[in-house]
Amino acid sequence: MQDLSANIPAASPNAFVTLLTNDAYLPGAVALIRSLNLTKTGADIVILHTEGVAAEALFPLSEMGARLVKTALLDVSNEFRETHRRDKLHAAAPFTKGRKPDFHTPLANFCKLRLWQLTEYENIVFLDADTIVIQNIDVLFEYPEYSAAPNVYESLSDFHRLNSGVFAAKPSQKTFEAMMIALDKPGIFWPRTDQTFLQSYFPNWHGLPVFFNMLQYVWFNLPELWDWKSVKVIHYQYEKPWEADHARSELLRPLTELWQAYYEGRDIPNMADLPLPMVEN
Ligand code: UDP
Ligand code: MN
């Protein structure tokens, strides 16, 4: 079976890839593509999408220079599908630290693994659609598989886990097939979906500096860590900047405004002029 089809050929051995399985993440992709274009990257920008995204909705993304690659959700067992259904997953492994938007479908996350099938590329840097790249990160194409930043947004114990919103990988059909065997086994449950799986599949993952995947909650939980000169990628995990008036809108306003500037095509403020989070003494 032909799993993937693209609108144009690859133009570089390197690609930034994001995933879209429904229209709800489109605003994220628009801001992300614009942010990558502003870094003057030499790499391809690929939207890996399923048929859940309307063709008219994808057109503006290709106009912005993105390559569109159509794929299908993973072919998983019924049992796997059941265990990872949104309501079941939320009941079995509740999100106590932040809120996931209603449009977030946990099962869709696993589709990220399809990037290992993009063997027209030598090096891939995956970025969630809820990230923006504020400084050039092409250097990540030189990093080994599997490189990711720790899932830091609350405390030191966060360093035990990786965050799968930004990572460097090397496509290989062989790896993809091995992953499919490891992923879907009787009785298996991946509480944080692809993230838990990737950490298990690559137990010796290479650690990137946190600045390559700065999680938005750092802004209010670990403000001492925020340093605009160092931050390269902001990741709007949990509540999304395109959700109207979510629970943490007030707390995250400066970060949301920065995202909006990318999304709306406005001038991007100088880093030196950006506010800093409040640090309590
Ligand atoms: N995603 C998607 N459709 C979904 C859920 C996720 O396309 O229903 C993609 C999208 O690129 C998103 C990523 O998978 O950014 C991971 O989900 P999300 O960023 O919402 O998770 P979080 O970072 O909040 O853990
Ligand atoms: Mn994300």
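Residues numbered from 1 in each chain as written. Chains lettered and ligands numbered in written order. Predicted model: local features only at pLDDT ≥ 70, side-chain atom pairs only at ≥ 80, totals over all residues. Heavy atoms only, no water.

(A) Main features of the overall build of the protein. From N to C terminus, the protein includes nine helices and 11 strands. The C-alpha atoms of the protein give 18 Å as radius of gyration, which agrees with the globular expectation for 281 residues (19 Å, within 12%). Projecting the C-alpha coordinates of the protein onto the three principal axes gives extents of approximately 55 × 40 × 35 Å. Long-range contacts, defined as pairs at least 24 residues apart, comprise 74% of the intrachain contacts of the protein with a sequence gap of at least 6. Accessible area for the protein stands at about 12700 Å²; split by element, carbon and sulfur atoms hold 53% of it. Side chains of the protein give 24 positive and 34 negative charges; the mean places of these two sets differ by 3 Å. (Helix = DSSP H or I, 4+ residues; strand = E, 2+ residues; numbered from the N terminus. Rg over C-alpha atoms; globule rule 2.2 N^0.38 Å. Contact = heavy atoms within 4.5 Å. Areas by Shrake-Rupley, 256 points an atom, 1.4 Å probe, with all protein chains shown as cover. Lys, Arg positive; Asp, Glu negative; His and termini not counted. Charge placed at Lys NZ, Arg CZ, Asp CG, Glu CD.)

(B) Structural detail: the pattern of salt bridges. Following the criterion strictly, the structure yields 13 salt bridges and no others. As a salt-bridge pair, lysine 97 and glutamate 154 come within 3.3 Å of each other at their nearest N and O atoms. A residue pair is termed long-range when its members are at least 10 positions apart, and lysine 97 in the loop between α4 (86–92) and α5 (106–109) and glutamate 154 in the loop between β7 (147–150) and β8 (162–169) qualify at 57 residues. What makes lysine 97 partly exposed here is its relative accessible area of 32%. For glutamate 243, the salt bridge is made with arginine 99, and the minimal N-O distance between the two is 3.0 Å. One end of the pair, glutamate 243, is in the loop between β11 (233–235) and α9 (253–263); the other, arginine 99, is in the loop between α4 and α5, and 144 residues separate them in sequence. A relative accessible area of 15% places glutamate 243 in the buried class. (Salt bridge = Lys/Arg side-chain N within 4 Å of Asp/Glu carboxyl O. Buried < 20%, exposed > 50% of the residue type's maximum accessible area, 1.4 Å probe, protein only.)

(C) The site of ligand 1, seen in detail. The local shell around ligand 1 holds 19 residues, among which Leu19, Thr21, Tyr25, Lys100 and Asp130 are the closest. Alanine 129 is positioned such that a nitrogen or oxygen atom in its backbone is 3.0 Å from an oxygen atom of ligand 1. Within the side chain of lysine 240, one N or O atom sits 2.9 Å away from an oxygen atom of ligand 1. In isolation ligand 1 offers 510 Å² of accessible surface; the protein chains occlude 94% of this area. Contributions of two or more residues to the shell around ligand 1 are made by β2 (14–20) and α5. It is β2 that contributes the most residues to the shell around ligand 1, three residues altogether. (Near = heavy atom within 4 Å. Polar contact = N/O pair within 3.5 Å; in protein donor to acceptor, adjacent residues only side chain to side chain.)

(D) The arrangement of the coordination of the manganese ion (ligand 2) in detail. Donor atoms from the polypeptide that bind the manganese ion (ligand 2) are Asp128 (OD), Asp130 (OD), Asp130 (OD) and His235 (NE2), placed at 2.2 to 2.3 Å. Note that the manganese ion (ligand 2) binds six donor atoms; their angles at the metal cover 56 to 174 degrees, and the shape is irregular. (Donors = N, O, S within 2.8 Å, 3.2 Å for Na, K, Ca; no water. Tetrahedral: all angles 85-135°; square planar, octahedral: opposite > 155°, others 65-115°.)

(E) Molecular detail of α9. What α9 keeps buried is the set Leu255, Thr256, Leu258, Trp259, Ala261 and Tyr262. Tucked into the core, α9 has its buried residues touching α1 (26–38), β6 (131–133), α8 (218–221) and β11. Downstream of α9 by one or two residues, glycine 265 has phi in the positive range, about 75 degrees.

(F) Structural detail: unusual backbone geometry. Along the chain, glutamate 145 connects to tyrosine 146 via a cis peptide bond; the corresponding omega equals 5 degrees. Mapped onto the fold, tyrosine 146 is located in the loop between β6 and β7. Even without being glycine, threonine 193 reaches a positive phi, approximately 45 degrees. Among the structural elements, threonine 193 can be located in helix α7 (residues 193–201). With phi around 60 degrees, tyrosine 238 is a residue other than glycine that occupies positive phi space. Mapped onto the elements of the fold, tyrosine 238 is located in the loop between β11 and α9.

(G) Quick peek at α7. Burial in α7 covers these residues: Thr193, Asp194, Gln195, Phe197 and Leu198. Tucked inside the fold, the buried residues of α7 contact α4, α5, β8 and α6 (173–183).

(H) Focus on the packing of α1 against α9. Where α1 contacts α9, the two axes come as close as 8 Å, and the packing angle between them is 80 degrees. Taken as axis vectors, α1 and α9 run roughly perpendicular relative to one another. Here Pro27, Gly28, Val30, Ala31, Arg34, Ser35 and Leu38 of α1 lie close against α9, whose contacting residues are Trp259, Ala261, Tyr262 and Tyr263. In the contact of α1 with α9, the residues fall into eight nonpolar, two polar and one charged. (Axes fitted to C-alpha atoms, helices over the stretch in contact; angles between N-to-C directions. Parallel < 35°, antiparallel > 145°, perpendicular 65-115°, else oblique. Nonpolar A, V, L, I, M, F, W, Y, C, P; charged D, E, K, R; others polar.)

(I) Layout of the sheet that holds β6. Pairing within the open sheet is mixed, and its three strands lie in the order β6-β11-β10. In this open sheet, the two strands that pair with only one neighbour each are β6 and β10 (214–215). Bridge count for β6 against β11 is three bridges, and the pairing is antiparallel. Looking at the pairing, threonine 131 lines up with histidine 235 of β11. Where α9 meets the sheet, it contacts β6 and β11, and its direction lies at approximately 70 degrees from that of β6. (Pairing = 2+ DSSP bridges.)

Bear in mind that shape data such as this cannot, by itself, settle questions of function.
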